[in-house]
Amino acid sequence: FAAAITGYFFSQNYAEFLIFVVISGFATAVIMPFLLSLVHLVSDKAVIEKNLTVYSLMLSLALVFGPLLGSALLSALSIRYIYIMLCLFALSAFFFAIKIHIKAKGAINLRLEEAHAAGGKSGPDRGSVSGLFRNYGFLEVVFYNTVFSISFASIVALGGVFAKDNFHIKYFEITLLFSLFFISSLIARLVLLHLTKKGSIKNKTKILNISIMISGVSFVLMSLSGNLYLY
């Protein structure tokens, strides 16, 4: 991913740029599903929920401050040179990932030893792919993750394009719009965290379904909005 971001900066034509888009897409597809698995792998059972909450909040904070920082930089610099700064972030993440890898490797070896000592099976031999797709709980998780991914990708990929084409705003103003989007997301997560701690959330599926409905209505209203403020 770090190499792909560096490639964005050095690409001289549209074809070269597309190559690095494909590479970064592949890298992101590999990274994202493993993040939550790593939280489980490197955390003690007693603190998994806390660590997942911290992960969620830090993600929201990054999504808020990232566009704000982008807005400030885009108001002064060419978008091409923003990739230099992003490359520094990516390299930092790479060295941090090496540290996590060492800890995760130790955790995997420990679990394999525990499973072997207990006389049980471990690793990919347990279960089957076809069995997963007969598991209702697994399919439900896949459904909600897919809905989230499509919605999130749609707003990030097309929301700024729509705003620029219809309201003729500048790039730094588009990133400010994304900051507003992610601030509302952060507020919602903080509210959910508070309700979870109080034990007020009894039916997560109901909340998910209501959220999907709100998102669908919002997308329709966004496409019909006649001015930037309504958008």
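None of the values given here were measured: they were computed from a predicted structure. All residue numbers refer to position in the chain's written sequence, counted from 1. The predicted origin of the model limits local features to residues at a pLDDT of at least 70 and limits the giving and counting of side-chain atom pairs to 80 or more, whereas totals for whole chains, interfaces and linings rest on all residues. Values shown for side chains rest on all heavy atoms present in the structure; no hydrogens or waters enter the calculation.

A. How the structure looks around the side chain of Ser-179. Working definition: helices are DSSP H or I runs of at least four residues, strands are E runs of at least two. Numbering for both runs from the N terminus. Along the polypeptide, Ser-179 turns up in helix H7 (residues 171-198). Relative accessible area serves as the criterion here: at 2%, Ser-179 is assigned to the buried category. Exposure is judged per residue with a 1.4 Å probe applied to protein chains only, and the accessible area is read against the type maximum: over 50% gives exposed, under 20% gives buried, and values in between give partly exposed.

B. Quick peek at the nonpolar core. We call a set of buried residues a nonpolar core when its members are Ala, Val, Leu, Ile, Met, Phe, Trp, Tyr or Cys and they connect through side-chain atoms within 4.5 Å of each other. Within the largest apolar cluster, eleven residues are counted, these being Val-64, Ile-155, Ala-163, Phe-167, Ile-169, Ile-174, Phe-178, Phe-182, Leu-186, Met-222 and Tyr-231. Within the residue set of this core, elements represented by two or more residues are helix H6 (136-167) and H7. Here this core gets four residues from one element, more than from any other, and that element is H7. Residues are treated as being in contact if the distance between any of their heavy atoms lies within 4.5 Å. Not counting residues within four places of it along the chain, the set of residues in contact with Phe-167 comprises Phe-162, Ser-225, Gly-226, Asn-227, Leu-228 and Tyr-231. Ala-2, Tyr-8, Tyr-83 and Ala-90 belong to the second-largest nonpolar core, a separate cluster that totals seven residues.

C. Looking closely at the side chain of Ser-24. As for its position among the elements, Ser-24 is in helix H2 (residues 14-42). Pairing of N or O atoms within 3.5 Å defines a polar contact, subject to two protein rules: one partner must be a possible hydrogen donor and the other a possible acceptor, and residues neighboring in sequence count only if both atoms are side-chain atoms. A polar contact of 2.9 Å, which involves the side chain of Ser-24, links it to the backbone oxygen of Val-21. For Ser-24, the contacting residues outside a window of four places in its chain are Phe-1, Ala-4 and Tyr-8.

D. Highlighting unusual backbone geometry. At His-168, a residue that is not glycine, the phi angle is positive and equals roughly 55 degrees. With respect to the helices and strands, the residue His-168 is situated in the loop between H6 and H7.

E. Main features of H6. The terminal C-alpha atoms of H6, which comprises 32 residues, lie 44 Å apart, in line with the 46 Å expected from a rise of 1.5 Å per residue. To get the bend at any residue, fit one axis to the seven residues that end at it and another to the seven that begin at it, then take the angle between the two axes. Along H6, the largest kink reaches about 35 degrees and is centred on Leu-158. For H6, the full list of buried residues reads Tyr-144, Ile-155, Gly-159, Gly-160, Ala-163 and Phe-167. Those residues of H6 hidden inside the fold are in contact with H7 and helix H8 (204-224). Where H6 begins, one side-chain oxygen reaches toward the backbone nitrogen of Gly-137, 2.9 Å away; that side chain belongs to Asn-135. With its phi angle positive at about 55 degrees, His-168 sits one or two positions after the end of H6. The span expected for a helix works out to 1.5 Å for each residue beyond the first.

By themselves these figures say nothing about function.
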